[in-house]
Amino acid sequence: MANPLHKNTLIPSLLCLLLANSINSADDNSCVESSPCQCELNDNKHIDLTKLNKNNTFFSTSSLNLTYFFFPCRDVQFIPETYLPKAPIANNHCLTGASLCLYNASNSNLTNLGLATEGKFLNDFPKTLHFSHENVETSILLQCTPDYPSAYLIFSSKNNLLLFSSSACIQMGHPGLSIGSTILILFCTIFGVYLLGGAFILHCLRGARGTEMIPNLDFWSSIPGLVKDGTIFLLGGCNPMVVSSAETYDRI
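Parameters and conventions
- Residues numbered from 1 in each chain as written.
- Predicted model: local features only at pLDDT ≥ 70, side-chain atom pairs only at ≥ 80, totals over all residues.
- Heavy atoms only, no water.
- Core = buried A, V, L, I, M, F, W, Y, C linked by side-chain atoms within 4.5 Å.
- Buried < 20%, exposed > 50% of the residue type's maximum accessible area, 1.4 Å probe, protein only.
- Helix = DSSP H or I, 4+ residues; strand = E, 2+ residues; numbered from the N terminus.
- Contact = heavy atoms within 4.5 Å.
- Polar contact = N/O pair within 3.5 Å; in protein donor to acceptor, adjacent residues only side chain to side chain.

Our focus in this paragraph is the nonpolar core. Most often, soluble globular proteins keep nonpolar side chains buried together rather than apart. The biggest cluster of nonpolar side chains holds 23 residues, and the ones touching the most others in it are Leu-49, Phe-70, Phe-121, Ile-140 and Leu-142. For this core, the secondary-structure elements that each account for two or more residues are β2 (38-41), β5 (66-70), β7 (100-104), β10 (128-133), β11 (136-144) and β13 (160-165). Of all the elements, β5 adds the most residues to this core, at 3 residues. Setting aside chain neighbours within four positions, we find Phe-121 in contact with Cys-31, Glu-33, Ser-35, Pro-36, Cys-37, Gln-38, Cys-39, Ile-47, Leu-49, Thr-128, Leu-129 and Leu-142. Core analysis: the second largest hydrophobic core is formed by 10 residues, Phe-69, Val-76, Cys-94 and Leu-110 among them.

Okay, structure coming up:
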């Protein structure tokens, strides 16, 4: 025979675990990438670089023989006559499209350092846009400059760049539907189909009327009691003894 105490505390225990997980998640500074240029954080915050992708804007920075070209949020077919009109080109690996491209004047080669979809936000602070293409790693450290209207790219070291922009700042709100909003919409849709479909089936097959048309009516009627027991369990410090009565066991 199953242990009544175990059954009695199963749902309240799950509530405790969910509460602890939500507290830990609130402190998490992780960045969830929603697009190649958008990153969602907790507390309704986000980073959005899409404003940098306007009017075919691109950024470049040079050091010695190296010149980096960055095309935010998109891949560009790199045509040397447009971006390097007087430079000799031996091999152009950015011609088919690149978001990050490197020109090396010492060998006249254009190297593809990454596509827009290969740029990933790292959970550092400040945030970093990291590209990995054919075993070549390149990082762009995002520097927030809220009072400076223009954006610019700076060479730090080989394959390590700095992007200064107001778009690199953490902003409040979400540029679109958040993950939570999407889940809520899906839940409401599925629940609506379940409720209406169940009511229709019960009406057609059993001739149900009124509240009898609600699917699993006994289960939904027991939820207030279960919520009460879970609340008592949480307020009691997750102590199983506080909800060990026979009445509570019968409800669960």
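Here we take up the side chain of Asn-159. Residue position: Asn-159 is located in the loop between β12 (152-157) and β13. Of the residues examined, Asn-159 reaches a relative accessible area of 12% and is grouped as buried. Within the structure, the side chain of Asn-159 is placed 3.4 Å from the backbone oxygen of Glu-137, a separation counted as a polar contact. Contacts of Asn-159, omitting those with residues within four sequence positions, involve Tyr-68, Leu-102, Leu-113, Val-136, Glu-137, Thr-138 and Ser-139.

All we've got here are geometric facts, nothing functional implied.
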